[in-house]
Amino acid sequence: MASEAIDPKITVDRESEGEEEEEEEEEEVEESWDDWRAGEGEDDEWAPVASVVCLFCTEQFDSSELLFDHCRLEHCFDFYGVVKNSGLDFYGSLKLVNYIRSQVSQNKCWSCDQAFKCDQDMLNHLHVTNTCFKKDTKFPWDDDFYLKPYLEDDPLLHSLSVDDEDDENGNGDVADVKLVDRKEFMNQVDIPNLEKLEDQFGKLMENGVREEKCEETNLKVVRHGAAARERKEVDEDYFGSYSSFGIHREMLGDKVRMDAYRNALLNNRSLLNGAVVLDVGCGTGILSLFAAQAGASKVVSVEASKKMATVATQIAKDNGAEVITVVHSMVEDIEKKLQIEPKSFDILVSEWMGYCLLYESMLSSVLYARDHYLKPGGAILPDTATIFGAGFGKGGTSMPFWEDVYGFNMSSVGKELVQDAARIPIVDTIDPLDIITDSVVLHSFDLVTMQQDDMDFTSTIELHLKPSQMMDHLNWCHGLVLWFDTDFTARFCKENPTILSTSPFGPKTHWAQTILTLREPIAMCSESGRSVISTLSSKEIGTEKCPVATVRIRVSIARASHRSIVVSLEATGLGFDGKKKNWPVQIFNL
């Protein structure tokens, strides 16, 4: 299930809005003008001020360097020292920051886990405690849970990058963590666009936490124990969005989607005949209708949108599907509405997939239903899912369009859009001709055995030029495109296994693909192309003079907020002579 795609290229015609709305906008500009300042440097642009917040107290600083100096002098915490002594890479240092924020919010010491009655006691304790963690030990922040930002849109996380110069020179030393300067950071974090994205997706909150505003410091502070109300509001907005018939028209009109589910349900009658079926997130009830048509003895259709539950009930009645019972509820709360025996369903079916497979986090509801209501050995449709990735060329960006607009060069616009795309993922279809590398598997899920925490993962892939691209002596990799397949395998669909693919090499779907753009493209060539190009070992690799043979990308996907995900991407270029270069980590919010 996926909501309508948000196209960052769409603009709003302000002139068509009413005078009152314009006045309100002017007032907002006047009120927020103090939050802006003139940028320093060549462009002399105006840039929003984004302060970084201390790990231990409420003080704010204009730079991460000042923050860590403060932590060292006031709180006996040497960030650089801990990173170096512990041998932390970028992800380890990111986890460390989130871990400390989590501990401090509970008035616990980050190093010894001792709890205190108040924050002042905890701060006093820090002055006399300075535990040093060593390499090759188990750290308390090792859990991938701490990949999730503890503070929403924490600027400190955006300012962390990895310096791998020693590793690049072959010394094998652990990378040091460095901080980008203020101007570079502000160029990377587009606060207005992030705020706009938040408005479009609704209030996105941390799993299990609530966001409050500290009146004294105007600082967002995350605290445990009060998540239910906020999560309920997010769920209401989310399920309310599915009350629009336009969304359902788009999904029902997706032939790839509909054919896959129809084939799996109607052409595996030995599986469906006489079965008791649970449909999670039924929408219009189309999958329930297929199940009833295939011979199911009973179908319970769960729908959290009140309007769509009413619609699905009427549709089932209009089609004489008496075996279908529609329940208005989240599947986690269904027993409040309907008396159901645990482990009583033969089949669990759901169309839970979102953009990049995991956006919307509906998979967690499917796993809950599996654990509570599916019989041992019962069927899950679909039962596997796989995320794929490939490198794309310049044609996958907006640059070609802007380079020639009726004979005029507008590439400056294209360059700005590409920089925006390096922060916010684009959901769009990509021409398969623009894919320049082989496709690789990023991650696979088995819905029969996976657990909730398996939705957060880190994978490393290597991209090599496709044979068709090797004829060109030089290619530029501009980013990574992701898509997914879900399979109705022969494990359950023995008569007719089916695949639902959102691949750019197949028919288009409403999921399209998820495009992650690199801040700077990486030059690639094949072994045969290397003999034509005069590669210079003294030149920086990944450039035209010294292209790479392989692009290695480390990708992490984590549920950063309720029904949203964060994707981090770390690219490394591997040269023909063994040299390599690491590019700064990029973080995308979807």
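Please read these numbers as outputs of a predicted model, since none were measured by experiment.

A. Broad picture of the sheet that holds strand β10 (residues 298–303). The strand order across the open sheet built from five strands is β11-β10-β9-β12-β13, with neighbouring strands paired in parallel fashion. The open sheet has two edge strands with one neighbour each: β11 (324–328) and β13 (374–381). The average undirected angle you get between the axes of adjacent strands in this sheet is 20°. Pairing between strand β12 (residues 345–350) and β13: four bridges, direction parallel. Across the sheet, residue L348 finds its bridge partner in β13, namely I380.

B. Just the UniProt feature "domain: C2H2-type" (unreviewed entry) in the protein chain, in detail. When the UniProt feature table is mapped onto this chain, "domain: C2H2-type" (unreviewed entry) is found at residues 54–75. Along residues 54–75 the backbone is 55% helical and 9% strand, and the end-to-end C-alpha distance reaches 10 Å.

C. Main features of the packing of helix α12 (residues 255–266) against helix α14 (residues 286–293). Their axes nearest at 9 Å, the elements α12 and α14 cross at an angle of 25°. Between α12 and α14, the angle is such that the two are roughly parallel. The interaxial crossing formed by α12 with α14 has right-handed handedness. Between α12 and α14, the residues in contact are M258, Y261, R262, L265 and L266 and I286, L287, F290, A291 and Q293, respectively. A per-class count over the contact of α12 with α14 returns eight nonpolar, one polar and one charged.

D. Representation of the packing of aromatic side chains within the structure. In this structure the tally under the stated criterion is 19 aromatic pairs. Their ring planes at 40° and their centres at 6.4 Å tell us that W110 and W141 sit as a pair that is tilted. One end of the pair, W110, is in the loop between α4 (90–105) and α5 (119–126); the other, W141, is in the loop between α5 and α6 (155–158), with 31 residues separating them in the sequence. Since its relative accessible area comes to 4%, W110 is described here as buried. Three or more aromatic residues joined by ring pairs form one cluster here, namely F56, F68, F77, F79, Y80, Y99, W110, F139, W141, F145 and Y146.

E. Representation of the side chain of R559. Along the chain, R559 falls in strand β21 (residues 550–561). Polar contacts involving the side chain of R559 include one to the main-chain carbonyl oxygen of Q452, which spans 3.4 Å.

F. Just the environment of S412, in detail. Residue position: S412 is located in helix α18 (residues 411–421). Owing to a relative accessible area of 55%, S412 belongs among the exposed residues under this scheme.

G. Representation of the pattern of salt bridges in the model. For the structure shown, the criterion picks out 18 salt bridges. Close ionic contact of D89 with R554 constitutes a salt bridge, the shortest N to O distance being 3.1 Å. Residue D89 is located in the loop between α3 (79–86) and α4, and its partner R554 is located in strand β21; the two are separated by 465 residues in the primary sequence. By relative accessible area, which is 32% here, D89 ends up partly exposed. Exposure remark for R554: the relative accessible area of 26% places this residue in the partly exposed category. K255 is the salt-bridge partner of D259, the closest N and O atoms lying 2.6 Å from each other. Within this pair, D259 and its partner K255 are both found in helix α12, separated by four residues, close to a single helical turn. The class of D259 is partly exposed, set by a relative accessible area of 31%. For K255, a relative accessible area of 60% corresponds to the exposed category. One connected set of salt bridges, linked through shared partners, spans K148, D453, D456 and R559.

H. Geometry of the packing of α3 against α4. Here α3 crosses α4 at 130°, and the two axes come no closer than 11 Å. Of the possible angle classes, the one that applies to α3 and α4 is oblique. Along this stretch, α3 crosses α4, giving a crossing that reads as right-handed. Together, F79, V82 and V83 of α3 and S93, L96 and V97 of α4 make up the contact between the two elements. Broken down by class, the residue content of the contact of α3 with α4 amounts to five nonpolar, one polar and no charged.

About the thresholds
Residues numbered from 1 in each chain as written. Predicted model: local features only at pLDDT ≥ 70, side-chain atom pairs only at ≥ 80, totals over all residues. Heavy atoms only, no water. Pairing = 2+ DSSP bridges. Helix = DSSP H or I, 4+ residues; strand = E, 2+ residues; numbered from the N terminus. Axes fitted to C-alpha atoms, helices over the stretch in contact; angles between N-to-C directions. UniProt positions renumbered as here; feature names shortened; annotations may be inferred. Parallel < 35°, antiparallel > 145°, perpendicular 65-115°, else oblique. Left-handed = near helix turned anticlockwise from the far one by under 90°. Contact = heavy atoms within 4.5 Å. Nonpolar A, V, L, I, M, F, W, Y, C, P; charged D, E, K, R; others polar. Phe/Tyr/Trp six-rings, centres within 6.5 Å; stacked < 30°, edge-to-face > 60°. Buried < 20%, exposed > 50% of the residue type's maximum accessible area, 1.4 Å probe, protein only. Polar contact = N/O pair within 3.5 Å; in protein donor to acceptor, adjacent residues only side chain to side chain. Salt bridge = Lys/Arg side-chain N within 4 Å of Asp/Glu carboxyl O.

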